[in-house]
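The residues making up each chain are set out below.
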Amino acid sequence: MSLKQVRLGFVPLVDCALPVVARAKGFAEEENIDLTLIREMSWAAIRDKLSYGVYDAAHLLAGIPLAARLGLGGMPSQRIAVPMALGRGGNAITVSTRLYQRMLEADPAAMLGPRGLSARALKKVIDEDRADGRPIMSFATVFPYSSHNYELRYWMAAGGIDPDKDVNIGVIAPPRMFDSLRNGWVDGYCVGEPWNQRAVFHGDGVIVALKEDIWARSPEKVLGVREDWVQSNPDTVDALVRALVRSAEWADQPENRTELAQLLSGENHVGASFDILRASLLGRPVLKPGDNPIEAPDRHVFYRYTATFPWLSQGAWVGTQMQRWGQVDASVDFGTLISDIYRPDLYRRAVKGLDVALPHDDWRVEGANDAADRAFVGPDAFLDNSIFDMRSFAGVGE
């Protein structure tokens, strides 16, 4: 039987690991797939090429399928399905060494306490600048409809900062973040690894909050496929999901992380230093130039804690952030929309027969931090101890 060719676009980040592993370690071929990987520099390029059929599948931000369905971002409405997630973790908020020093001087207690509350120190710096008549600071995220944008805003808002008034927030492609910080074009950013560690290793930035400090279960990247391709190629979709889930299990094994860092360091993949990638993948990131690594074992989670399951509740949370920050009208019913986009039914069908832990329901109360299921889903507390229950949308869970 000839292999089924699948063209998959990705952006150079640590969480492109699953398709890279699927090809390099033979999981795709074992599922009868000839997987071709194409490296892109921006999320807009990935979105457009998937929408117009250049790619069959893509490594996507969790918010792009929602935005595409709603016709946001200058594109006509596109139907993109999400049959699985591609893991969790990896993001961080990094500021310039100069801004870090100002934050430390403004509020040492905030900077030396829980990292998720470090925005309180930034708030004091912003207030100082406003009193002195200085221009407002600039921050960057990778895309308007990204978890990075929502995490940066969530962190700022928890510290008393209005991200729409107190700072400028722009968009920069992930591989260009480091140079933008080094050259002084931005004061800080939220991006996935390895672009935070690179700033630290080169002495230009300090990590002030990790993704897990804001919300450890925050949705991250997903597998995106066009809905018409799903309908025309159901067996191939199943095979692709199986290959990526098997890759996730391999990537989550501690003994494989060094090899994974080597794989990702290639110029046709992430193209970053092996040492930088290994530090992040081994869960021992360095937060400040010259400091010792910290222990962060859940820095990158590819398979554990249902990390590949496309939870409806996580997709719905992304939708509420779109509403919170004025990207979409509050009247949009994400309870109905999410079930058309996030497709746990496809995931369950694909992994049938594999030894994969599956939840009873397709959604859960996010942030409940229930000790009873923490071993299954992992720690999930929000930095402000809030709870997200998607049953607030009409009809969910009935």
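Every value quoted in this text rests on a predicted model; they were computed, and no experiment measured them.

Chemist: Describe the nonpolar core, and please don't skip the residues or the numbers.
Modeler: Among the nonpolar cores identified, the biggest contains 127 residues, and Leu122, Trp155, Leu223 and Leu264 are the most heavily contacted of them. Per element, the largest residue contribution to this core is 10 residues, and it comes from helix 13 (residues 234-251). Beyond its immediate stretch of four places on either side in the chain, leucine 223 contacts Leu8, Ala57, Ala58, Ala81, Val82, Pro83, Met84, Leu86, Leu240, Val241 and Leu244.

Chemist: Go over unusual backbone geometry, please, and point to the residues and values.
Modeler: Of note, the amide linkage connecting glutamate 193 to proline 194 takes the cis form, showing an omega dihedral of 20°. Positionally, proline 194 belongs in the loop between strand 9 (188-192) and helix 10 (195-201). Located in the positive-phi region is asparagine 32, a residue other than glycine, with phi close to 70°. Within the fold, asparagine 32 resides in the loop between helix 2 (27-30) and strand 2 (33-39). The phi angle at asparagine 385 is positive, at roughly 60°, despite the residue not being glycine. Inspection of the secondary structure puts asparagine 385 in the segment after helix 19 (374-377). Judged by relative accessible area, which is 64%, asparagine 385 ranks as exposed.

Chemist: So, the side chain of glutamate 193: which residues are in play, and what are the values?
Modeler: By secondary structure assignment, the location of glutamate 193 is in the loop between strand 9 and helix 10. With a relative accessible area of 2%, glutamate 193 lands in the buried category. When residues no more than four places from it in sequence are discounted, the contact partners of glutamate 193 are Leu13, Val14, Gly90, Ile207, Ser280, Arg299 and His300.

Chemist: Pulling in residues and values, what's your account of the packing of aromatic side chains?
Modeler: Using the criterion set out here, one finds eight aromatic pairs in the structure. Seen from their ring centres, tyrosine 154 and tryptophan 317 are 6.3 Å apart, and the 40° between their planes marks the pair as tilted. On the criterion of sequence distance, the pair formed by tyrosine 154 in helix 8 (residues 147-158) and tryptophan 317 in helix 16 (residues 312-324) is long-range, its members being 163 residues apart. In this structure, tyrosine 154 and tryptophan 317 share a single accessibility class: buried. Here the aromatic rings of tyrosine 154 and phenylalanine 382 are separated by 5.9 Å at their centres, their planes lie at 20°, and the arrangement is stacked. Here tyrosine 154, found in helix 8, pairs with phenylalanine 382, found in the segment after helix 19; they are 228 residues apart in sequence, far enough to count as distant. Neither tyrosine 154 nor phenylalanine 382 differs from the other in exposure class; each is buried. A cation over a ring is seen here: arginine 217 above tryptophan 311, with NZ or CZ 5.5 Å from the ring centre. A cation sits over an aromatic face here: arginine 304 above tyrosine 305, 5.3 Å from the ring centre.

Procedures and definitions
- Residues numbered from 1 in each chain as written.
- Predicted model: local features only at pLDDT ≥ 70, side-chain atom pairs only at ≥ 80, totals over all residues.
- Heavy atoms only, no water.
- Core = buried A, V, L, I, M, F, W, Y, C linked by side-chain atoms within 4.5 Å.
- Buried < 20%, exposed > 50% of the residue type's maximum accessible area, 1.4 Å probe, protein only.
- Helix = DSSP H or I, 4+ residues; strand = E, 2+ residues; numbered from the N terminus.
- Contact = heavy atoms within 4.5 Å.
- Phe/Tyr/Trp six-rings, centres within 6.5 Å; stacked < 30°, edge-to-face > 60°.
- Lys NZ or Arg CZ within 6 Å of the ring centre and 35° of its normal.

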